[in-house]
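# Architecture at a glance
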Amino acid sequence: MKTTVDIADDLARKAKAHAVANDTTLRTLIERGLRMAMQADGQRERFVLRDASVGGHGLRSDYRDADWARLRAAAYEDRGG
């Protein structure tokens, strides 16, 4: 299949020089790079965020209806700020 790919000029120059230095073609180099990228993506493990929640019943009753300023003040209460 023929397709057109627009890449940065400096990258194209370096890729052509690399292909020549390694006795291959730009097409082969691009195909190899695409195969390697797709294989690496397929092997990447899916990130799963660990459950870091704690048991309980939410905020303490004296903070349940508090506004953000009150919650922030309580969080920094003994930190000198």
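One numbering rule holds for all chains: residues counted from 1, following each sequence as written. This being a predicted model, a pLDDT of at least 70 is required before a residue's local features are given, and a value of 80 or more before pairs of side-chain atoms are given or counted; all residues contribute to the totals for chains, interfaces and linings. The basis for every side-chain value is the complete set of non-hydrogen atoms in the structure, without hydrogens or water.

## Digging into the overall build of the protein chain
The way it works is that DSSP assigns letters per residue, a run of H or I at least four long becomes a helix, a run of E at least two long becomes a strand, and they are numbered from the N terminus. Scanning the protein chain from terminus to terminus reveals three helices and zero strands. Since a compact globule built from 81 residues should have a radius of gyration of about 12 Å, the 28 Å found for the protein chain marks it as more spread out than a globular shape. Projected onto its principal axes, the C-alpha coordinates of the protein chain cover approximately 75 × 30 × 25 Å. For every residue, the accessible area (1.4 Å probe, protein chains only) is compared with the maximum for its type, and the residue is labelled buried under 20%, exposed over 50%, or partly exposed between those bounds. A buried classification covers 6% of the 81 residues belonging to the protein chain. Carbon and sulfur atoms make up 53% of the accessible area of the protein chain, which totals about 8200 Å². Restricting the calculation to C-alpha atoms gives the radius of gyration, and the globule rule supplies 2.2 Å times the number of residues raised to the power 0.38. Using a 1.4 Å probe, the Shrake-Rupley method yields the accessible areas, and only the shown protein chains count as cover for residues.

## Comments concerning unusual backbone geometry
One non-glycine residue with positive phi stands out, namely D23, at about 50°. The class of D23 is exposed, set by a relative accessible area of 74%.

## A look at the pattern of salt bridges
Any Lys or Arg side-chain nitrogen located within 4 Å of an Asp or Glu carboxyl oxygen qualifies as a salt bridge. If you walk through the whole model with that rule in mind, you get three salt bridges. Of the charged contacts, one joins E31 and R27 as a salt bridge, the two residues approaching to 3.1 Å between their closest N and O atoms. Placement of the pair is E31 and R27 together in helix α2 (residues 26-43), with a separation of four residues, close to one helical turn. Its relative accessible area of 31% is what places E31 among the partly exposed residues. For R27, a relative accessible area of 60% translates into the label exposed. Two residues, R60 and D62, come together in a salt bridge whose shortest N-O distance is 2.9 Å. For R60, a relative accessible area of 54% corresponds to the exposed category.

## Points about a nonpolar patch on the surface
A cluster of nonpolar side chains, V5, I7 and L11, forms an exposed patch at the surface whose accessible area comes to about 270 Å². Along the chain, V5 turns up in the segment before α1 (9-21). Residues enter patches when their relative accessible area tops 30% and they take part in no salt bridge; the joining distance is 9 Å for like charges and 5 Å for the nonpolar side chains Val, Leu, Ile, Met, Phe, Trp and Tyr.

## Some words on the layout of surface pockets
Considering only enclosed or pocket space, the largest pocket measures out at about 510 Å³ in volume. At the level of elements, α1 and α2 are the ones that each hand at least two residues to the lining of the largest pocket. Per-element tally for the lining of the largest pocket: the top contributor is α2, with six residues. Under the scheme applied here, ten amino acids are nonpolar (Ala, Val, Leu, Ile, Met, Phe, Trp, Tyr, Cys and Pro), four are charged (Asp, Glu, Lys and Arg), and all others, including Gly, are polar. A per-class count over the lining of the largest pocket returns 10 nonpolar, one polar and four charged. Computed over the protein atoms alone on a 1 Å grid, cavities are sets of points where a 1.4 Å probe fits but cannot get out and pockets are open sets with protein on both sides within 12 Å along at least five of seven lines; a residue lines them when it has an atom within 4 Å of a point. Grid points are joined across faces, edges and corners, and a volume is the space filled by probe spheres set on the points.

By themselves, these observations are geometric and do not establish any function.
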